[in-house]
Amino acid sequence: MQYLPIFTKLDNKPVLVVGGGEVALRKCRAFLKARAQVTLVAPEFCQQLTELAEQGEVSLVHDYFNEQHLNGMMLVIAATDLDSVNSQVFELANQRNIFVNVVDDQPRCTFIFPSIVDRDPITIAISSAGTAPVLARRLREKLETLIPQHIGPLATLVGSFRNKVKQRFSHFADRRQFWETVFDSSVVSKVQTGNTDAANEQLELLLNAKPEPEGEVYVVGAGPGDPELLTLKALQLMQQADVVVYDFLVSDEIMELVRRDAELICVGKRLGDHSVVQDDTNQMLVDLAKQGKKVCRIKGGDPFIYGRGGEEVQVLAANKVNYQIVPGITAAAGCSAYAGIPLTHRDHAQAIQFVTGHCKQDGQELDWPSLAKPNQTLAIYMGVIKSPHIQAQLLKYGRGAETPVAIIENGTRKNQRVVTGQLGELADLVSRHSIISPALLIIGEVASLHQQLAWFGDKIQTSSFAQPITDVA
Ligand SMILES: C[S@@+](CC[C@H](N)C(=O)[O-])C[C@H]1O[C@@H](n2cnc3c(N)ncnc32)[C@H](O)[C@@H]1O
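Residues numbered from 1 in each chain as written. Predicted model: local features only at pLDDT ≥ 70, side-chain atom pairs only at ≥ 80, totals over all residues. Heavy atoms only, no water.

Undergrad: Can you walk me through the overall build of the chain in this structure?
TA: When helices and strands are tallied, the chain shows 18 helices and 20 strands. Here the C-alpha radius of gyration of the chain, 30 Å, is well above what a compact globule of 473 residues would show, namely 23 Å. Its C-alpha atoms put the chain at 95 × 60 × 40 Å along the principal axes. Scored against the burial criterion, the 473 residues of the chain give a buried share of 47%. Counting only contacts in the chain whose residues sit at least 6 apart along the sequence, the fraction spanning at least 24 positions is 64%. (Helix = DSSP H or I, 4+ residues; strand = E, 2+ residues; numbered from the N terminus. Rg over C-alpha atoms; globule rule 2.2 N^0.38 Å. Buried < 20%, exposed > 50% of the residue type's maximum accessible area, 1.4 Å probe, protein only. Contact = heavy atoms within 4.5 Å.)

Undergrad: Honestly, the site of the ligand in this entry has me stumped. Any pointers?
TA: What surrounds the ligand is a group of 20 residues, the closest being Ile305, Thr330, Ala331, Gly411 and Ala439. Asp302 places a polar main-chain atom, nitrogen or oxygen, 2.8 Å from an oxygen atom of the ligand. The backbone of Ile305 places a nitrogen or oxygen atom 2.7 Å from a nitrogen atom of the ligand. Burial of the ligand by the protein amounts to 91% of the accessible area it has alone, namely 560 Å². Of all the secondary-structure elements, those providing two or more residues to the shell around the ligand are helix H14 (331-338) and strand E19 (439-443). Taken together, the residues of the shell around the ligand sort by class into 12 nonpolar, six polar and two charged. When residues are assigned to domains, the shell around the ligand turns out to be shared by domain 3 (216-329) and domain 4 (332-472), each giving three or more. (Near = heavy atom within 4 Å. Polar contact = N/O pair within 3.5 Å; in protein donor to acceptor, adjacent residues only side chain to side chain. Areas by Shrake-Rupley, 256 points an atom, 1.4 Å probe, with all protein chains shown as cover. Nonpolar A, V, L, I, M, F, W, Y, C, P; charged D, E, K, R; others polar. Domains from an automatic or database assignment.)

Undergrad: Explain the pattern of salt bridges to me, please; I cannot follow it from the model alone.
TA: Counted by the stated rule, this structure contains 20 salt bridges. If you follow the salt bridges from partner to partner, you end up with Asp247, Arg297, Lys299 and Glu312 in one network. (Salt bridge = Lys/Arg side-chain N within 4 Å of Asp/Glu carboxyl O.)

Undergrad: Looking at this model, I keep getting lost on the environment of Val100. Mind explaining?
TA: Within the secondary structure, Val100 sits in strand E5 (residues 99-102). Val100 gets classed as buried once you look at its relative accessible area, which sits at 0%. The sequence separation of Val100 and Phe111 amounts to 11 residues, and the corresponding C-alpha distance is 6.2 Å. What Val100 contacts, discounting residues up to four positions off in sequence, is Val76, Val89, Phe90, Ala93, Arg108, Cys109, Thr110 and Phe111.

Undergrad: It is not clear to me how the sheet that holds E5 should be interpreted in this structure. Could you clarify?
TA: Sheet strands pair by backbone hydrogen bonding; their relative direction is either parallel or antiparallel. Read from one edge of the open sheet, five strands run E3-E2-E1-E4-E5, paired in parallel fashion. Only two strands of the sheet have a single partner each, and these edge strands are strand E3 (58-62) and E5. Strand-to-strand twist of the sheet, defined as the mean angle between neighbouring strand axes without regard to direction, takes the value 20°. In the sheet, strand E1 (residues 14-18) pairs with strand E4 (residues 75-78) via four bridges, with the strands oriented parallel. The partner of Val18 across the bridge, within E4, is Ala78. The sheet strands contacting helix H1 (residues 22-33) are E1, strand E2 (37-42), E3 and E4, and the helix crosses E2 at an angle near 165°. Its contacts with the sheet place helix H2 (residues 47-54) against E2 and E3, and it is angled at close to 120° to E3. (Pairing = 2+ DSSP bridges. Axes fitted to C-alpha atoms, helices over the stretch in contact; angles between N-to-C directions.)

Undergrad: Quick question: what am I supposed to make of the sheet that holds strand E8 (residues 216-221) here?
TA: Strand order in this open sheet of five strands is E10-E9-E13-E8-E14, and the pairing throughout is parallel. Bordering the open sheet on either side are strand E10 (263-266) and strand E14 (322-326), each of which pairs with just one other strand. If you compare each strand with its neighbour and ignore which way they point, the axes differ by 20° on average. The pairing of E8 with strand E13 (residues 294-299) spans six bridges and is classified as parallel. From the neighbouring strand, Val217 faces E13, where its bridge partner is Val295.

This is the structure:
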């Protein structure tokens, strides 16, 4: 290991920055964050440094650097554009065993600044020992997306309980067990949702009672299939769940991202084959949570748009199970974007209706006169089988047979297929192109924009992931 990662408390400690320009300013700001006592030495200083000095934040010494400036310093940074000065700072500081950093000159650094993921008070430092700073920055970006923002407030909250916990549990093993229970409890999700008072109360309860494991359910929307369309929150919860309860609609690529050792339960529904009936799924979620498990109930698209998320959450609420709801990109939004079809457009459609082709009770009819109105787009979910009926009803109530339509099969996925044509041939398109589920119907003038806006070769690339095949009728 070339550098030992240590976190140094610089509160009120004297540090020196040699230089008066932009680089010196940047380094100076890093020191100020740690509340160090910063002195800068240079013949002249940039405006911002002068202002910081006027505000009493730093001390400026208008002088050329000399050895005396190092007196009493813990750390020194050389940030001038003169190699001779930087070299002199390095040599003199080194002779006195003062930690020194010459900016952008790794061999002349006895300490370096790592890339930082800042979730104060949690700080993660990454260093490549000066060999590959861009790689270190990329790693930092990855961690930034993986480490949720609430980790900082969570650490602050538990920090405020440390003394109480020490008094309550005299043995280290008991304290560790207590903290494990806390981090598996809904204290975490309460902080995550900004409910710090409730988290505080919950922690008090856990401290004063013999804690039982406490489960919860995350009702998560996984989007239409492209894993890059998952939200950060969805990803984080998928990776912290003990059990993942999923539908067929959730793509394999997305299932690859769940916690490796999580138990997987498929409750998929396909038309006419309800492998697990909805009531059983609802009860399963309640039972798993009551066993103290963290359950990720993951659904295609958005859980509250034709996802039965509402029904499941009603049962969780009635059974007093803790839950969180994470929205996802619904099929209409994902499929239309990846097919180059804007759902509204000032020239073509001022409204958009989300419609299901599959009603709860057979014979229950949609409001066809309203759906057949012009200047609007219909995004029809689960409409493939009912396409002859949809076509007939829309024509009957006045939509023109030449109205453009698009059928998007496996939208946003590697095997996305887009078929376009006219309303008068909708059912024929479905059967001629052997459309399979999942597929979304888009009806309205905007569908004609697919030809212009979809990605063909070097035109608009809606995703690095989907490579649309387009069948035009
Ligand atoms: C039970 S609904 C679920 C909708 C989901 N909750 C959402 O917000 O997208 C299933 C229907 O959504 C549509 N759908 C979902 N994902 C799709 C995809 N990747 N491509 C095309 N249609 C999709 C299809 O119409 C499918 O029959």
